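Each chain, letter by letter, is given below.
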Amino acid sequence: MIEGKTRIEENLDDIKKGERLLYLSGIDLSFDGFKALNSLSLTIDYGELRCIIGANGAGKSTMMDVITGKTQPDSGSVIFGKETSLLEMDEPSIANLGIGRKFQKPTVFEGHSVFENLELSMKAEKGFLTTLFAKLNGEEKDRIAKTMELIGLSENMNMPAGILSHGQKQWLEIGMLIMQSPKLLLVDEPVAGMTPGEVEKTGEILTELAHDHSVVVVEHDMEFIRSIAKKVTVLHEGSVLAEGSMQSIQENEDVRKVYLGE
Amino acid sequence: MMEKRTPILLKLFQDDTAGKYLFSLLLALVIYAVFANLVFSAESILHVSTLSITLFGKYLAFALLALSLDLVWGYLGILSLGHGAFFSLGAYAMGMYLMRQIGDRGVYGNAELPDFMVFMDLKELPWFWYGFDSMFFTLFIVALVPSILAFVFGWLAFRSRVTGVYLSIITQAMTYALMLAFYRNDMGLGGNNGLTDFKDILGFSLQDDGTRLVLLILSFLALLSGYLVSRFIVNSKLGRICIAIRDTELRTRFLGYRVEEYKLFIFVVAAILAGIAGALYVPQVGIINPDRFSPLFSIEIVIWVAIGGRGTLYGAIIGAFVVNFASTYFTSALPEVWLYALGALFVVSTLYLPKGIVGILEKTDFTNLVKGAVK
């Protein structure tokens, strides 16, 4: 009954770099008359690192909610790959399809160790009977070790996630996303509250990830975006205001008017 | 076969020092109680009376009940204030079997109908009483009825994503509704008198010391098995996912886990354990009435677990023993004080001992104490 909802008709592994991975078209969504998304249309290619900026209330987080199945839009369509519609699918189905999400506030399992956090995030059969008898094999342990190395937490593997520093929690959550082997990573404000050193390292991790994933970063820190971004999308009042390189965005008249307040 | 089983048992206790000690202690107590009851004469100071044996058996049944609540509350964060309902359903099922065992020895001497039905002028046995002549069928129902209730209730509640205090209130409403239903005479389950006056079980008299001892041993084995099953679940990846759900449900969902399925699984397992606890309780205590469905009793179970320390499994068992032992003592020595004492205990443990008695024990380094004593 639950499996039926997923309906994976196409093989998403066939998608090549540079091909369209996610396509939002004409998304409308209002909360009590407030238009959070206003015929929003957006395309993300496979292997792309995209930054999304916009003022508070521009619809960034709402857009993520729509993509991950947390919120259903009033109208419009969300297509993953060539033809898989994400609407009507619930969060676990979408997650298992290959879309990972990092929240604004770091949300890791505080009581579990770094290792266990990654173990639970790993792409695997997620039914409860499977997990009752699940055992980690060598290959899976290697994957966890590799991820810990990438996010720089190898030495903290047995530490409860709750006592990690803010920056380390953010990395752990990115690590958890990686363990899901998603095609698309949605990363909400990854460097908020980080020290300059941590910001730099986060940039490296995300750039590294964009080699074989699509990464969508929502961020306020313009310095950070300038350092990692190739393509930037500006949201304003629930729709796309401008899109292009950081250079072109900064020179865009409309953007200067509404976003930079000039 | 035995050779194969022992390692699994040891493995489950391997990293569980507290559980190992607790069950060694319980085993020693059970062995001593049985031995002392049989060997020493009633005048001897070492004698353990049959009344104490029965009380001990009751505590073991309550410990199993507390353990089952700890699975849902300690590991999933679902504060069930209606857990007594599953216990009572199991208890009623066993009570129905015991009623059928009375046969024509009731006051009215009717071999076909239990006394209360004769009193109510019923002509024939209601359909839902069929099959309770068989112990095998009864045991099946003891597990089945609580699990059906847990499944239906859980399916509706978890799917609608009802959580936190709202869920607690609904569980309380559930057990309250059942209490009202069981109070009604036309439910055909004895109304407010419940089921009582039991004579024997599987042909053995319930007044017999031997039967009491066997029931005590069975209660211990049930608690041990329940503990091992729970420990296995909690140690598995599924157990870690439950804790993840307890701590950050949304994150777990976004990792692709169907939270509802996990909650439902644990809820049903816990309901079955609670039902078994109820079935063990009835023959030892000798009565089951709708009061056990009252939210008050369910809250008491929560207090046992809170005082013992939740999320550890053994803490729930310790809590059930400590509180019920105190309850037995106080209700005879200082009956008017007990409820206040219980309330105070709960407040104190919530405020100062968030981890309950287990929290204190963890702080004390026992290995060193033991080593020191040996030196």
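Model, not experiment: these values are computed from the prediction. (Residues numbered from 1 in each chain as written. Chains lettered and ligands numbered in written order. Predicted model: local features only at pLDDT ≥ 70, side-chain atom pairs only at ≥ 80, totals over all residues.)

Peer 1: Help me understand the sheet that holds strand S9 (residues 231-236) of chain A, please; the structure alone is not making it clear to me.
Peer 2: Where strands meet in a sheet, backbone hydrogen bonds hold them as pairs that are either parallel or antiparallel. Residue and element names in this part refer to chain A. What the six strands build is an open sheet, ordered S6-S7-S8-S3-S9-S10; its pairing is mixed. Where the open sheet ends on each side, the last strands, each with one partner, are strand S6 (99-102) and strand S10 (239-244). For this sheet the average axis-to-axis angle between neighbouring strands, irrespective of direction, equals 20 degrees. Inspection of the sheet shows S6 paired to strand S7 (residues 184-188) by four bridges, in the parallel sense. If you follow Arg101 over to S7, its bridge partner there is Leu186. Sheet contacts for helix H1 (residues 60-68): strand S3 (49-53), S6, S7, strand S8 (214-218) and S9; angle to S7, the most-contacted strand, approximately 150 degrees. (Pairing = 2+ DSSP bridges. Helix = DSSP H or I, 4+ residues; strand = E, 2+ residues; numbered from the N terminus. Axes fitted to C-alpha atoms, helices over the stretch in contact; angles between N-to-C directions. Contact = placed C-beta atoms within 7 Å.)

Peer 1: Teacher, can you tell me more about helix H7 (residues 164-183) of chain B here?
Peer 2: Residues that lie three or four places apart on an α-helix share one face, since the helix turns once every 3.6 residues. Residues and elements named next belong to chain B. Under the 1.5 Å per step criterion, the end-to-end length of H7 is 29 Å for 20 residues, consistent within 8% with the ideal 28 Å. When we look at burial in H7, the residues that qualify are Leu167, Thr171, Gln172, Met174, Thr175, Leu178, Met179 and Phe182. Buried residues of H7 fall within an arc of 150 degrees about the axis and therefore sit on the same side. Along H7, the residues that are exposed and aim more than 90 degrees away from the buried face are Val165, Tyr166 and Leu180. (Expected span 1.5 Å × (residues − 1). Buried ≥ 20, exposed ≤ 12 C-beta atoms within 10 Å, placed from the backbone. Arc of directions from axis to C-beta.)

Peer 1: Explanation requested: the nonpolar core in the structure shown.
Peer 2: Inside soluble globular proteins, nonpolar side chains tend to come together where they are buried. All names here are of chain B. Core analysis: the biggest nonpolar cluster contains 174 residues, and Ala63 and Ala66 have the highest contact counts within it. Examining the composition of this core, we find that 18 residues originate from one element, helix H11 (residues 259-285), more than from any other. Apart from residues lying up to four places away in sequence, Ala63 is in contact with Leu223, Ile317, Ala320 and Phe321. (Core = buried A, V, L, I, M, F, W, Y, C linked by C-beta atoms within 7 Å.)

Peer 1: Is there a simple way to think about the interface of chain B and chain A in this case?
Peer 2: By a widely used convention, the size of an interface equals the accessible area lost when the partners come together. Taken together, the contact pairs 20 residues of chain B with 22 residues of chain A. At the level of secondary structure, the elements contributing two or more residues to the side of chain B that touches chain A comprise helix H9 (237-247), helix H10 (249-254) and H11 of chain B. Here the element with the most residues in the side of chain B that touches chain A is H9 of chain B; it accounts for seven residues. A per-class count over the side of chain B that touches chain A returns ten nonpolar, three polar and seven charged. (Nonpolar A, V, L, I, M, F, W, Y, C, P; charged D, E, K, R; others polar.)

Peer 1: Just to check I follow, could you spell out the environment of Gln180 of chain A for this structure?
Peer 2: Residues and elements named next belong to chain A. Mapped onto the elements, Gln180 comes out in the loop between helix H6 (166-179) and S7. Classification of Gln180 by C-beta neighbours within 10 Å gives buried; the count is 21. For the pair Gln180 and Phe115, spaced 65 residues apart in sequence, the C-alpha separation works out to 14 Å.

Peer 1: Explanation requested: the pairing of strand S2 (residues 34-45) of chain A in the structure shown.
Peer 2: Two faces make up the sheet, and in a regular strand the side chains alternate between them. Residue and element names in this part refer to chain A. Alignment of strand S1 (residues 20-31) against S2, held across eight bridges, turns out to be antiparallel. For Ile27, the partnering residue across the bridge sits in S2 and is Leu40. The turn joining S1 and S2, which pair antiparallel and follow one another in sequence, is formed by two residues; a positive phi near 50 degrees is taken by Asp32.

Peer 1: Honestly, the packing of helix H3 (residues 50-76) of chain B against H11 of chain B in this entry has me stumped. Any pointers?
Peer 2: A pair of packed helices can be characterised by two numbers: the angle between their axes and the separation between those axes. Residue and element names in this part refer to chain B. At their nearest, the axes of H3 and H11 sit 9 Å apart, and the two run at 170 degrees to each other. By the criterion of interaxial angle, the relationship of H3 to H11 is roughly antiparallel. For the contact of H3 with H11, the class distribution of residues is 20 nonpolar, four polar and two charged. (Parallel < 35°, antiparallel > 145°, perpendicular 65-115°, else oblique.)

Peer 1: Quick question: what am I supposed to make of the confidence of the model for chain B here?
Peer 2: It should be kept in mind that the predicted coordinates are not to be read in detail where pLDDT is low. Residue and element names in this part refer to chain B. In the predicted model, chain B carries a mean pLDDT of 90, and 94% of its residues have values of at least 70. By mean pLDDT, the top-scoring element of chain B is H11 (97), and the lowest-scoring one is helix H16 (residues 366-374) (52). Overall fold confidence (pTM) sits at 0.87, and the ipTM for the predicted complex is 0.83. (pLDDT = per-residue confidence, 0-100.)

Peer 1: Help me out: how do you make sense of the sheet that holds strand S4 (residues 75-80) of chain A in this one?
Peer 2: The antiparallel open sheet is built from four strands, whose spatial order is S2-S1-S4-S5 (chain A). Two strands bound the open sheet, and with one partner strand each, they are S2 and strand S5 (84-85) of chain A.

Peer 1: How should the confidence of the model for chain A be read in this particular structure?
Peer 2: All names here are of chain A. Per-residue pLDDT for chain A averages 87, and the proportion of residues at 70 or more is 94%. By mean pLDDT, helix H10 (residues 253-258) is the weakest element of chain A at 82, and helix H3 (residues 114-121) is the strongest at 94. Counting contacts from residues 1-7, a segment whose pLDDT is below 50, to residues more than four positions away or on other chains yields six contacts.

Peer 1: I'm lost on the packing of helix H2 (residues 17-39) of chain B against helix H8 (residues 209-235) of chain B in this one. Help?
Peer 2: Residues and elements named next belong to chain B. At a minimum axis distance of 10 Å, the contact between H2 and H8 shows a crossing angle of 170 degrees. As the angle between them shows, H2 and H8 are arranged roughly antiparallel. Together, Gly19, Phe23, Leu26, Val30, Ala33, Val34 and Asn37 of H2 and Asp209, Leu213, Leu216, Ile217, Phe220, Leu224, Tyr227 and Arg231 of H8 make up the contact between the two elements. Residues belonging to the contact of H2 with H8 are distributed by class as follows: eleven nonpolar, two polar and two charged.

Peer 1: Help me understand the pairing of S3 of chain A in this model?
Peer 2: Residues and elements named next belong to chain A. Judged by how many residues are buried, S3 sits mostly within the fold: five of five residues are covered. Of the two faces of S3, the one lined by Leu49, Cys51 and Ile53 and the one lined by Arg50 and Ile52 are each fully buried. Looking at chain direction, S3 and S8 are connected through four bridges and run parallel. Looking at S8, one finds that Cys51 is bridged to Val217. Bridge count between S3 and S9: four bridges; the pairing is parallel. If you follow Arg50 over to S9, its bridge partner there is Lys231.

Peer 1: Would you mind showing me how to read the environment of Thr131 of chain A here?
Peer 2: By the element assignment, Thr131 of chain A lies in helix H4 (residues 128-132). Spatially, the C-alpha atoms of Thr131 of chain A and Leu120 of chain A are 9.7 Å apart, while their sequence positions differ by eleven residues. Beyond its immediate chain neighbours, meaning those up to four positions away, Thr131 of chain A contacts Ser236, Lys237, Leu238 and Ile241 of chain B.

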